[in-house]
Amino acid sequence: MKHTWVRAVVSAGVLLAWLAMPAPAGADARRQQSPDPPQAGYIGADACLTCHEGYDTAVNSSKHAFAKDPRTPAAAYGCESCHGPGEAHSQDPASVKVKIFTKLSASETNETCLTCHDRGQHAMWNGSAHDSRNMSCGSCHSVHQPKSARAQLAAVNQTQQCATCHRDKVSKLDRSGHMPVREGKMECSSCHNVHGSTNVRLLKAGNTVSESCTSCHAEKRGPFLFEHAALAGDSCSTCHDPHGSSNERMLVAKQPFLCQRCHNFTRHPSTIYDSAILATNNKVFGRSCVTCHSTIHGSNHPAGSRFVR
Ligand code: HEC
Ligand code: HEC
Ligand code: HEC
Ligand code: HEC
Ligand code: HEC
Ligand code: HEC
Ligand code: HEC
Ligand code: HEC
Ligand code: HEC
Ligand code: HEC
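Here the structure is a predicted model, which means the values were calculated and not measured.

Novice: Explain the coordination of the iron atom of ligand 4 residue by residue, including any values.
Specialist: Around the iron atom of ligand 4, the donor atoms from the protein are His141 (NE2) and His195 (NE2), and they sit 2.0 Å away. Of note is the iron atom of ligand 4, whose six donor atoms meet at the metal with angles of 87 to 178 degrees in an arrangement that counts as octahedral. Highlighted residues: His141 in the loop between α9 (129–132) and α10 (158–163) and His195 in the loop between α13 (188–191) and α14 (209–214), separated in sequence by 54 residues. By relative accessible area, which is 16% here, His195 ends up buried.

If you want it as structure tokens, here you go:
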């Protein structure tokens with residue numbers, strides 16, 4: 001490709017946008033490192049498309065094409081923002097390659113995407129659980145063939161995307177689980193930031209399971225006048241499975257066994273559930289122990305020390 005031609009294909013608008021843009025930190029660094037004018041070696045999307053017809057379809061309907069946002073590929077080098085400068089490749093496609101992501105290592109792919117996506121929810125990617133298992137952005141996203149309505153996922157929705165590897169968690173949704181997740185009003189990402197977080201288990205909020213839960217269920221946080229010792233420390237998961245379980249309210253065990261894991265002997269012995277006693281005592285059906293101990297997460301009632309009010 002001749003240089004004059006090159007200039008022609010870089011549309012004036014794009015060039016102006018590039019020059020005028022408040023460059024992100026990454027781009028600043030790149031420009032300082034490179035004495036070349038920004039467009040050296042770059043031929044622009046139109047030139048790529050003369051040989052790679054159709055590869056702009058998905059890109060154009062994504063945020064990557066939003067040229068008014070100075071941080072997008074459209075406002076920078078188009079296809080070449082990701083694939084790298086293509087002038088030499090276009091002159092000799094068989095021997096000179098641009099970046100072929102399906103052949104690159106995970107870390108090389110990630111490095112490319114992270115030149116732009118290194119802030120906000122992506123700031124913690126490096127060293128995160130997914131990164132350290134050698135996954136790439138492309139393990140979940142597809143730039144050219146996204147199937148989801150949101151976030152360019154490779155699967156039709158988030159649940160299906162996660163299910164490709166975490167089938168066990170997704171299966172639990174069919175049981176007693178967070179109803180809004182099944183209904184699509186909540187997602188795995190309501191609780192997790194899969195791009196990495198400072199918290200355990202890629203949790204979005206709170207560095208303990210309980211802190212994560214009480215970020216939404218604030219009324220369970222306390223402090224209460226009477227605390228149930230079972231809720232001390234990091235403990236919601238002592239009784240609940242966040243992903244769902246076979247018991248109502250996502251409880252990890254059926255009642256009364258849930259309580260009896262800890263309460264062997266009480267003034268009314270836990271053995272009230274012996275078959276002999278059950279046959280004669282009809283007070284204990286229904287919600288079992290919490291029929292009476294209804295403030296099981298803690299009580300603020302002056303007479304609530306037994307969590308019955
Ligand atoms: C003159 C035609 C031509 C132009 C212009 C061109 N390419 Fe290519 N490109 C090819 C050919 C031919 C191949 C296949 C080469 C091979 O497999 O040996 C190819 C391969 C590729 C591949 C790897 C595809 C694969 O399946 O392995 C990518 C990615 C690519 N080009 C991107 C680009 C981008 C981005 C641009 C614009 C900067 C561009 N190409 C410009 C002809 C072109
Ligand atoms: C945001 C980064 C990005 C932009 C912009 C982009 N691509 Fe891609 N391209 C990718 C990734 C990642 C893949 C791997 C498959 C996927 O994710 O869909 C890919 C795959 C390809 C392939 C097939 C290579 C393979 O491995 O199968 C071609 C050809 C290609 N892109 C050409 C283009 C052209 C032409 C443009 C501009 C119209 C473009 N790309 C814009 C990231 C990008
Ligand atoms: C030149 C900068 C740049 C590069 C390189 C880049 N992106 Fe983006 N991307 C953006 C901007 C800007 C947006 C829109 C604002 C946002 O969501 O941060 C965006 C949006 C996205 C979105 C959200 C799309 C939506 O519709 O919600 C995904 C997913 C994404 N990029 C993935 C990738 C992947 C994967 C790569 C690497 C193959 C990549 N990006 C490379 C700049 C870039
Ligand atoms: C384990 C799967 C997975 C991996 C790996 C992954 N993502 Fe995502 N990404 C998601 C999901 C799910 C969402 C939607 C999250 C949401 O709705 O909050 C998302 C959302 C995004 C968005 C849109 C954010 C927004 O605010 O709309 C961008 C941009 C993005 N990812 C970029 C990347 C980049 C860059 C990488 C690689 C460093 C990457 N992702 C790796 C699953 C993944
Ligand atoms: C390509 C496979 C793959 C996909 C897709 C995937 N993950 Fe993972 N995920 C893993 C692997 C591997 C680990 C590490 C498991 C381990 O260390 O035992 C992991 C770990 C996790 C962890 C635990 C992190 C920790 O600190 O222990 C969470 C939470 C998680 N993934 C959530 C998700 C969510 C949510 C999605 C969907 C948006 C998703 N993952 C999609 C492979 C995947
Ligand atoms: C209501 C919040 C919430 C939702 C929604 C949620 N998780 Fe979790 N997830 C958690 C918590 C809390 C933990 C830590 C549990 C523990 O360590 O006891 C966790 C742990 C994990 C782990 C790692 C622990 C393990 O047992 O391997 C994976 C993987 C995971 N979640 C995947 C998913 C997937 C996939 C989805 C969507 C189907 C999802 N999560 C939805 C809160 C949630
Ligand atoms: C992102 C917000 C969010 C987080 C984080 C969250 N929840 Fe929920 N939870 C909800 C919503 C919304 C509902 C449905 C509320 C309703 O129907 O009234 C719900 C319902 C529940 C229910 C009742 C289920 C039923 O069958 O009625 C339990 C139990 C529960 N959550 C426990 C937890 C636990 C334990 C955690 C921490 C692992 C947690 N939640 C984290 C939003 C959240
Ligand atoms: C000692 C066991 C236990 C612990 C620990 C526990 N729960 Fe519960 N939780 C229960 C039981 C039992 C129910 C069912 C109560 C009922 O049916 O009235 C329940 C019900 C719920 C509900 C739905 C009904 C309601 O009261 O809103 C939510 C939400 C909930 N728990 C959140 C949490 C959170 C958040 C934590 C951690 C701070 C937690 N639980 C810790 C036993 C426990
Ligand atoms: C993880 C262990 C654990 C589980 C599970 C548990 N508890 Fe507790 N509970 C405790 C501990 C420890 C105390 C404090 C006992 C003490 O101070 O003597 C306590 C205190 C109580 C008290 C007040 C007793 C007193 O002497 O003040 C009641 C009532 C109670 N629990 C009921 C229940 C019920 C009902 C369930 C099931 C929904 C349950 N607990 C599940 C550990 C547990
Ligand atoms: C019919 C109502 C009822 C049911 C059902 C019930 N309790 Fe109680 N429980 C009470 C009352 C009332 C007290 C307070 C007695 C007092 O203060 O003297 C109490 C006290 C307790 C105490 C503290 C007493 C002690 O030993 O110091 C524990 C622990 C306890 N219950 C656990 C349970 C467990 C576990 C279950 C289920 C197996 C259960 N309760 C079912 C009404 C009930």
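Novice: I'd like a description of the site of ligand 7, backed by residues and values.
Specialist: What surrounds ligand 7 is a group of 14 residues, the closest being His178, Cys213, Cys216, His217 and Arg249. Elements supplying a minimum of two residues to the shell around ligand 7: α13 and α14. The residue makeup of the shell around ligand 7, split by class, is eight nonpolar, five polar and one charged. Of the domains in this structure, domain 2 (118–202) and domain 3 (223–292) are the two that each give at least three residues to the shell around ligand 7.

Novice: Before we move on, can you summarise the site of ligand 9 with the specific residues and values?
Specialist: In the vicinity of ligand 9, 15 residues are found, and the nearest of them are His228, Cys259, Cys262, His263 and Arg306. His228 is positioned with one of its side-chain polar atoms (N or O) 2.7 Å from a nitrogen atom of ligand 9. Between ligand 9 and His263, the relevant distance is 2.8 Å, taken from a nitrogen atom to a side-chain nitrogen or oxygen of the residue. Counted by class, the shell around ligand 9 contains eight nonpolar, five polar and two charged residues.

Novice: I'd like to hear about the coordination of the iron atom of ligand 3, residue by residue, with values.
Specialist: Six octahedral donors at a metal ideally form angles of 90 or 180 degrees, and four tetrahedral donors ideally form angles of 109.5 degrees. Taken together, His64 (NE2) and His117 (NE2) make up the protein donors of the iron atom of ligand 3, found 1.9 to 2.0 Å from the metal. One can describe the site at the iron atom of ligand 3 as octahedral: its six donor atoms subtend angles covering 85 to 179 degrees at the metal. Of the two residues, His64 is situated in the loop between α5 (57–60) and α6 (79–83) and His117 in the loop between α8 (106–114) and α9; the sequence distance between them amounts to 53 residues. Given the relative accessible area of 38%, His117 is considered partly exposed.

Novice: Which residues make up unusual backbone geometry, and what values do they have?
Specialist: Cis geometry marks the peptide bond from Gly222 to Pro223; its omega dihedral reads 0 degrees. With respect to the element layout, Pro223 can be found in the loop between α14 and α15 (236–239). The omega angle of the peptide bond from Gln255 to Pro256 is 5 degrees, so this bond is cis rather than trans. Here Pro256 is to be found in the loop between α15 and α16 (257–260). The phi dihedral of Gln152 falls on the positive side, at around 50 degrees, and the residue is not glycine. A positive phi angle, close to 50 degrees, is found at Arg201, a residue other than glycine. Within the secondary structure layout, Arg201 lies in the loop between α13 and α14.

Parameters and conventions
Residues numbered from 1 in each chain as written. Chains lettered and ligands numbered in written order. Predicted model: local features only at pLDDT ≥ 70, side-chain atom pairs only at ≥ 80, totals over all residues. Heavy atoms only, no water. Donors = N, O, S within 2.8 Å, 3.2 Å for Na, K, Ca; no water. Tetrahedral: all angles 85-135°; square planar, octahedral: opposite > 155°, others 65-115°. Helix = DSSP H or I, 4+ residues; strand = E, 2+ residues; numbered from the N terminus. Buried < 20%, exposed > 50% of the residue type's maximum accessible area, 1.4 Å probe, protein only. Near = heavy atom within 4 Å. Nonpolar A, V, L, I, M, F, W, Y, C, P; charged D, E, K, R; others polar. Domains from an automatic or database assignment. Polar contact = N/O pair within 3.5 Å; in protein donor to acceptor, adjacent residues only side chain to side chain.

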